[in-house]
Amino acid sequence: MRAAVEALAGGTGPVAVDAERASGFRYGQDAYLVQLRREGAGTVLVDPVDAGDLTSLADVLDGPEWILHAADQDLPCLRDLGLAPRSLFDTELAARLLGREHVGLGAVVEETLGLRLAKDHAAADWSTRPLPESWLVYAALDVELLAPLREALAAELASAGKAEWAAQEFEYVRTRPPRPAKVDPWRKTPRAGRAVRSPRSLAILRELWTAREELAAELDRTPSKILSHHALVAAAVARPTSRRKLAALREFSSRQARQHHELWWEAVERALALPEDQLPPPHAPLPPGELPQPRSWARHHRDAAEALEVVRPAVRDRAEEIRVPQELLLSPDSQRHLAWNLGEERASGRRPTTDATSVARRLEDLDARAWQVEQAAPALADALTARF
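For clarity, every value in this text was computed on a predicted model and none was experimentally measured.

### Quick look at the overall build of the protein
- Summing up its helical and strand segments, the protein has 21 helices and five strands in all.
- When burial is assessed residue by residue, the protein has 46% of its 388 residues classed as buried.
- Here the protein carries 51 positive and 58 negative side-chain charges, and the mean point of each set is 8 Å from the other.

Written out as structure tokens, the structure reads:
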């Protein structure tokens, strides 16, 4: 580690950074390998599990610009290690701002530099120790070309007049706080939405999901490897009233499911014993600041629905004109909140102000970046004024 830190400190320019997780194998999103490359220092691969104190590494990385691809995926696990950038350049975001159709690292490298990256171990279990030599080579390639890729994309951004847009987006990603915890995450179990409807079935789903989550954390394994999503849904639908009936479900016949059968039955039993007034409601409560699903607006919030019918096409058309994805010009959440606020004002008998200055102020209140306000506000104002 001392030699690696000295090498990185003696390098020049930005640092290319990547991290490998063990998604699909381990619980959580911890980093199991950190790749670093800097001009004059070469490539450094760090095992964060066994490397010990990373303070010296954090110190040497606290200053130079970081280059990452899809930074929002790696920054959380890197911050958990005490590693954080002062500034960054995100090659995936740059490609999106440039209107690239394919923005995976391999596609961007090939289109920009004419080189093809080997992607043989993308879904590997990076918690494996020791890591095979071929995996280490693959991991090193992920940072090998980030610096020249950054230079090429930066030149394209400048030529397209989008360099400042990119700088604002990079800083937003760097400083964005962690996403708040989801309300009732068990409701997001795949295929549960349509199949599990009654409060009692929802209670079974919740108890099984919670039991599985706690066991997964204890065993440090991804939850679906312990008990499949299909099993949770099947039990919730069937509502078995005995251990035997639970064991008879096809989805509980695997060796892994049978290994913890008593735990699953205890979860089902708890759900069956709950009094009616403690059963979960059919629909999840809305988190603070979250809006109802737009598909319900036409029935219950007609003015907001009409506003959304104006906002979405206006953002889409402007995004096509400047060749950026619609969701990057203005996030879907911001589009919904803008329409909702306008609709609520109209429903209360007030006439919403929709001139360009007022719309710009509304977007600023929704935390839109300056470039987004500049590009979206006039188009939105024109469309809304014509309709409202």
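Following the structure, the description resumes.
### Some points on the nonpolar core
- Formed by 79 residues in total, the largest nonpolar core has its most connected members in Leu36, Leu57, Trp66, Leu78, Leu363 and Leu380.
- Looking at this core, the element that brings in the most residues is helix H17 (residues 302-322), giving ten residues.
- Viewed by domain, this core spans two of them, domain 1 (1-175) and domain 3 (294-386), each represented by three or more residues.
- Discounting residues that sit within four places of it in the chain, Leu78 has contacts with Val17, Ala19, Val34, Trp66, Leu68 and Leu83.
- By size, the runner-up hydrophobic cluster in this structure holds 30 residues, among which are Ile204, Ala211, Ala231 and Ala267.

### Considering the pattern of salt bridges
- Applying the stated rule across the entire model yields 26 salt bridges.
- The shortest N-O distance in the salt bridge between Asp74 and Arg21 comes to 2.6 Å. With Asp74 in helix H3 (residues 71-80) and Arg21 in strand S1 (residues 12-21), this pair connects stretches of sequence that are 53 residues apart.
- Residue Arg316 pairs with Asp317 through a salt bridge whose shortest N-O separation is 3.7 Å.
- For Arg316, a relative accessible area of 37% translates into the label partly exposed.
- You can call Asp317 partly exposed: its relative accessible area is 37%.
- A single network of salt bridges, built from pairs that share partners, joins Glu65, Arg150 and Glu151.

### Considerations on helix H5 (residues 105-113)
- Looking only at H5, the buried set comprises Leu105, Val108, Val109 and Thr112. Around the axis of H5, the buried residues are gathered within 100 degrees of arc, so they sit on the same side.
- Close packing links the buried residues of H5 with helix H4 (91-97), helix H6 (133-144) and helix H7 (146-159).
- Gly114 sits one or two positions beyond H5 and adopts a positive phi of about 75 degrees.

Quick notes on the rules
Residues numbered from 1 in each chain as written. Predicted model: local features only at pLDDT ≥ 70, side-chain atom pairs only at ≥ 80, totals over all residues. Heavy atoms only, no water. Helix = DSSP H or I, 4+ residues; strand = E, 2+ residues; numbered from the N terminus. Buried < 20%, exposed > 50% of the residue type's maximum accessible area, 1.4 Å probe, protein only. Lys, Arg positive; Asp, Glu negative; His and termini not counted. Charge placed at Lys NZ, Arg CZ, Asp CG, Glu CD. Core = buried A, V, L, I, M, F, W, Y, C linked by side-chain atoms within 4.5 Å. Domains from an automatic or database assignment. Contact = heavy atoms within 4.5 Å. Salt bridge = Lys/Arg side-chain N within 4 Å of Asp/Glu carboxyl O. Arc of directions from axis to C-beta.

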